[in-house]
Amino acid sequence: MNAVQLDHVTKTFGPFTAVDDLSLQVPTGTIYGFIGPNGSGKTTTLRMIMHILHPDSGEITVLGEHSFRAANNRVGYLPEERGLYKQMKVRDVLHFYAALKGMRDSKQAVDSWLERLDLAAWADKKVEALSKGMSQKVQFIATVVAKPEVVLLDEPFSGLDPVNMDVLREAVLELRRQGATIIFSTHDMAVAEKMCDFIFMIYKGRKVLDGTLDSIQTGYGTDTVRVRIECNGHSLMDLPGVVKVVDFGRWQELRLERGADVQSLLAVLLTRGRVLHFELGRPSLHDIFVRIAGVEKEEAPS
Amino acid sequence: MNKILVVAARDYKAAVRTKSFIITLLLMPVLMVGSGVVQSMMRTQTNTKDKKFAVVDRTAGSKIFPLLQRYAEERNAKEIFEEKDENRRQIRARFLLEEEKLGTDTEDAVRDLRLRLSQRVRDDEIWGFVEIGPDVLSPVLPGSSTPPPQGRYLRYQTNHPTYEEFPTWLQIRALLIISSLQSGRPVEEIEKFQPLLLRREGLSEKDPKTGAVIDPPVIHQVARFIVPGVLVALMFMIVMLSSTPGMQGVVEEKMQRIAEVLLGSLPPFCLMIGKLLGLMGVSLTIAAVYLGGGLWAAKQFNILEFLSAPVLVWYLIFQVLAVFMYGSIFLAIGSAATDIKETQTLVMPVMLIACIPMFILGTALEDPNHPLVIAASFFPPSTPMLMMARIAISPGPPLWQSLLSVVLVLAVTIGCVYAAGRIFRVGILMQGKGAKIGQLLRWVFRG
């Protein structure tokens, strides 16, 4: 069963089409990653799933319900820009958000989450006294305290230090283990690769990728070589069969043209210098993202 | 419904638990009572420094000045003290009159003298000067077509125009002296004709049980004006005190993206209704505190009859409607603005309309059945305050007018809440730049 389903959903703002004929099925109990460049329609899609915005056409079903009221208490939403009352105490703001989700007695759940995310000592402090990372954790608790079955997280890890990121990631995975369906948007491709069962990419309002990481990468074929070579700064662009080089400094990522001879490439590389690493593989999600949304796409003939 | 109450409870607590709210709530009566006390104290702390006045008596034989001076001496001896026992304390200035003689009574000489005396006033030698015209004793016969002679005047020149005590005293005393000299009777005899005070009272009633005619209670003139005036001012103040922070709260929620989280839990219209109920709670809290204090004060000053139960019930009905009507508009404005500064531009026309009752209040207190007042009391934005003023002034408007005004305001309030809800729905998620008034109207009609 799908926790969330979008059928041919379109949303426009005046002349601008934010989401264009989007269909999507998010299976229950999975982690679904939304990726896409800024302004591509991720947040609009999340807001429509939350019924904060209404689609111009198409249909959205959340937990089998079409109506906002029916599923509303079973869905948690963490917006991209955090929304907490600065003058309220941490504990009070969490009880307030829990009550808004229909939770009558939230004391135990709030205390437990505060303890778990190492915020118990800050429970009676005002939100304005918290650091950015702490505020983000409080907002996360506010999203999940009422035990939602579907959790929508808009950029949940942005701006977090590695320690807090680990804490939050573990909390997200724990929610999934308990049966919740997680949908989150991110710009961090590494996080999406590691955490998501399914990845969905939206570009200029249209769906351009949707599936498991494996199926997406398979679609692009084995056309990427990761190389580490001591070659005195020579360019690798003139290598046979190489159409693009991404230089990471210590590493280079080469994209091969269809049917390129990898053995010949390696042979030429060996003549250029000492090859420390040579790995043939599928393109990373980052690379796929850039291929779709980066300069290459802009330059590609229509 | 439960979520609406959750929002209302949060907004209510957020508003009333702030230090600024408690300080404003407590400070307002302190300031009001304090200003009364200070004024009362100031009345007894007036400048008691002697005030000198020059008097030019142009009547034949200067008959008026000696009598005027006698009155001044009597006043200085008896009327300028707080207590009339041995420990009396001077609370008013003495009036010291000096006669200024005019050499030759010509117009030029008079003008020169006026200039010289004016200079003495400027030099602080005297407080002012009085000129008694040469013909003040000429009687003016009633119905006579002959104009009064030019010299029939009493003139006072000073550079302290706000000091009323001397001119008031002069007016009364000069009238007594002139009447005495005109009639040929001694001043003491004229003084016996004390003016009769008019007692203003309401209508007599018949006791339904005993059948006896009950005299109306004595009406305190001050209370007649103060009670309706205070009720209207209180309603205006409460509407502003509760609606303005509500509007600022919405802007804060927008700016800090709290609105998005809230809208993830309840629809915009419910959110706005929750906020309105929060405002209502705040306004009723303020009303409870001030009306409670007002009832206590009314009891102390024996004017409780002006705060009767029906008046209070009408007050609460109109206040609830006013808070809903203006509160919804203020919330809509908050939702359409992106920062506090923008709200000021949008709220200006609403404030102008809200102030209409305050402009008409004077006329309403003077004549509650004035056609303008009646018309304005049926103009819904003004109705709560002006109808309240009319109801608080006995005997009040006919019941049908009061009921009709409630129906009218209720209909407009529902319209305002509906329109505000449509603006709120769009505005609350709008970022970047704020909306113009024309855009707000488009949101109302087109969504």
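Conventions adopted
- Residues numbered from 1 in each chain as written.
- Chains lettered and ligands numbered in written order.
- Predicted model: local features only at pLDDT ≥ 70, side-chain atom pairs only at ≥ 80, totals over all residues.
- Helix = DSSP H or I, 4+ residues; strand = E, 2+ residues; numbered from the N terminus.
- Rg over C-alpha atoms; globule rule 2.2 N^0.38 Å.
- Buried ≥ 20, exposed ≤ 12 C-beta atoms within 10 Å, placed from the backbone.
- Contact = placed C-beta atoms within 7 Å.
- Pairing = 2+ DSSP bridges.
- Axes fitted to C-alpha atoms, helices over the stretch in contact; angles between N-to-C directions.
- Nonpolar A, V, L, I, M, F, W, Y, C, P; charged D, E, K, R; others polar.
- pLDDT = per-residue confidence, 0-100.
- Expected span 1.5 Å × (residues − 1).
- Parallel < 35°, antiparallel > 145°, perpendicular 65-115°, else oblique.
- Left-handed = near helix turned anticlockwise from the far one by under 90°.
- Core = buried A, V, L, I, M, F, W, Y, C linked by C-beta atoms within 7 Å.

Q: Just give me the short version of the overall build of chain B, but keep the residues and values in it.
A: Along the backbone of chain B there are 16 helices and six strands. Taken against the 2.2 N^0.38 rule, which gives 22 Å for 447 residues, the C-alpha radius of gyration of chain B at 31 Å runs more than 25% over that of a compact globule. Going through the 447 residues of chain B one by one, you find that 31% of them count as buried. The long-range fraction of contacts in chain B, counting pairs at least 24 apart against all pairs at least 6 apart in sequence, stands at 71%.

Q: Break down unusual backbone geometry for me, citing the residues and quoting the values.
A: With phi around 65 degrees, A:His51 is a residue other than glycine that occupies positive phi space. Here A:His51 shows up in the loop between helix 1 (42-49) and strand 4 (57-62). Look at B:Arg257: it is not a glycine, yet its phi comes out positive at around 60 degrees. On the secondary structure map, B:Arg257 appears in the loop between helix 7 (221-255) and helix 8 (258-263).

Q: Can you lay out the sheet that holds strand 1 (residues 2-13) of chain A for me, pointing to particular residues and giving the numbers?
A: Residues and elements named next belong to chain A. The sheet built from three strands is open, its strands ordered 2-1-4 with antiparallel pairing. This sheet does not close on itself; its edge strands, each paired only once, are strand 2 (16-27) and strand 4. Strand after strand, the sheet turns through a mean of 15 degrees between neighbouring axes, direction not considered. Bridge count between strand 1 and strand 4: five bridges; the pairing is antiparallel. Note on strand 4: the bridge partner recorded for Val-4 is Val-62.

Q: Lay out the interface of chain B and chain A with the relevant residues and their values.
A: Chain B puts 15 residues into the contact, and the matching count from chain A is 16 residues. Put simply, the parts of the chain that give the side of chain B that touches chain A at least two residues each are helix 1 (2-16) and helix 8 of chain B. Among the residues forming the side of chain B that touches chain A, the class breakdown is eight nonpolar, three polar and four charged.

Q: Outline the environment of A:Ala98, listing residues and values.
A: All names here are of chain A. Looking at where Ala-98 falls in the secondary structure, it is placed in helix 3 (residues 90-100). Sequence separation between Ala-98 and Phe-184 is 86 residues, and the spatial gap between their C-alpha atoms is 21 Å. When residues no more than four places from it in sequence are discounted, the contact partners of Ala-98 are Met-103, Ser-106, Ala-109, Val-110, Val-145 and Ala-146.

Q: Summarise the environment of A:Leu173; cite the residues concerned and give the values.
A: Residues and elements named next belong to chain A. Within the fold, Leu-173 resides in helix 6 (residues 162-177). With 13 C-beta atoms counted inside 10 Å, the residue Leu-173 sits in the partly exposed group. Taking C-alpha positions, Leu-173 is 22 Å from Gln-5, a pair spaced 168 residues apart along the chain.

Q: Which residues make up the sheet that holds strand 3 (residues 128-132) of chain B, and what are the values?
A: All names here are of chain B. One open sheet accounts for four strands, arranged 2-1-3-4; its pairing is mixed. The strands lining the two open edges of the sheet, one partner per strand, are strand 2 (95-99) and strand 4 (154-158). Taking each pair of neighbouring strands and ignoring which way they run, the sheet shows an average axis angle of 25 degrees. Two strands pair when backbone bridges link them, and strand 1 (residues 51-57) and strand 3 are joined in this way by five bridges, in the parallel orientation. Its bridge partner lying in strand 3, Ala-54 is registered against Phe-129. Taken strand by strand, helix 3 (residues 64-78) contacts strand 1, strand 2 and strand 3, and its axis lies near 160 degrees from that of strand 2.

Q: How would you summarise the confidence of the model for chain A if you had to cite specific residues and measurements?
A: Per-chain confidence: chain A averages 86 in pLDDT, with 95% of residues scoring 70 or above. Mean pLDDT values for the elements of chain A range from 53 in helix 11 (residues 295-299) of chain A up to 93 in helix 3 of chain A.

Q: Quick rundown of helix 4 (residues 107-122) of chain B? Include the residues and the values.
A: Residues and elements named next belong to chain B. The terminal C-alpha atoms of helix 4 lie 23 Å apart, and with 16 residues this matches the ideal 22 Å at 1.5 Å per residue to within 8%. Judged by how many residues are buried, helix 4 sits mostly at the surface: one of 16 residues are covered. The positive-phi residue at the C-terminal boundary of helix 4 is Asp-124, with phi of around 65 degrees.

Q: Can you tell me about the packing of helix 3 of chain B against helix 5 (residues 165-183) of chain B, naming the residues and giving the values?
A: All names here are of chain B. Contact geometry of helix 3 with helix 5 gives a least axis separation of 10 Å together with a crossing angle of 130 degrees. Here helix 5 runs oblique to helix 3, going by the angle between their axes. You can see that helix 3 and helix 5 cross each other, and the crossing is right-handed. From helix 3, Ile-64, Leu-67, Leu-68 and Tyr-71 reach across to helix 5, where they touch Arg-173, Ala-174 and Ile-177. Of the residues belonging to the contact of helix 3 with helix 5, the class tally is six nonpolar, no polar and one charged.

Q: Talk me through the nonpolar core; I want residue IDs and the actual numbers.
A: The biggest cluster of nonpolar side chains holds 142 residues, and the ones touching the most others in it are A:Ile141, A:Val145, A:Leu152, A:Ile182, A:Ile199, B:Met235 and B:Met388. Here this core gets 15 residues from one element, more than from any other, and that element is helix 10 (residues 309-336) of chain B. The contacts of A:Ile182, once residues within four sequence positions are left out, are A:Ile31, A:Tyr32, A:Val151, A:Leu153, A:Val172, A:Leu175 and A:Arg176.

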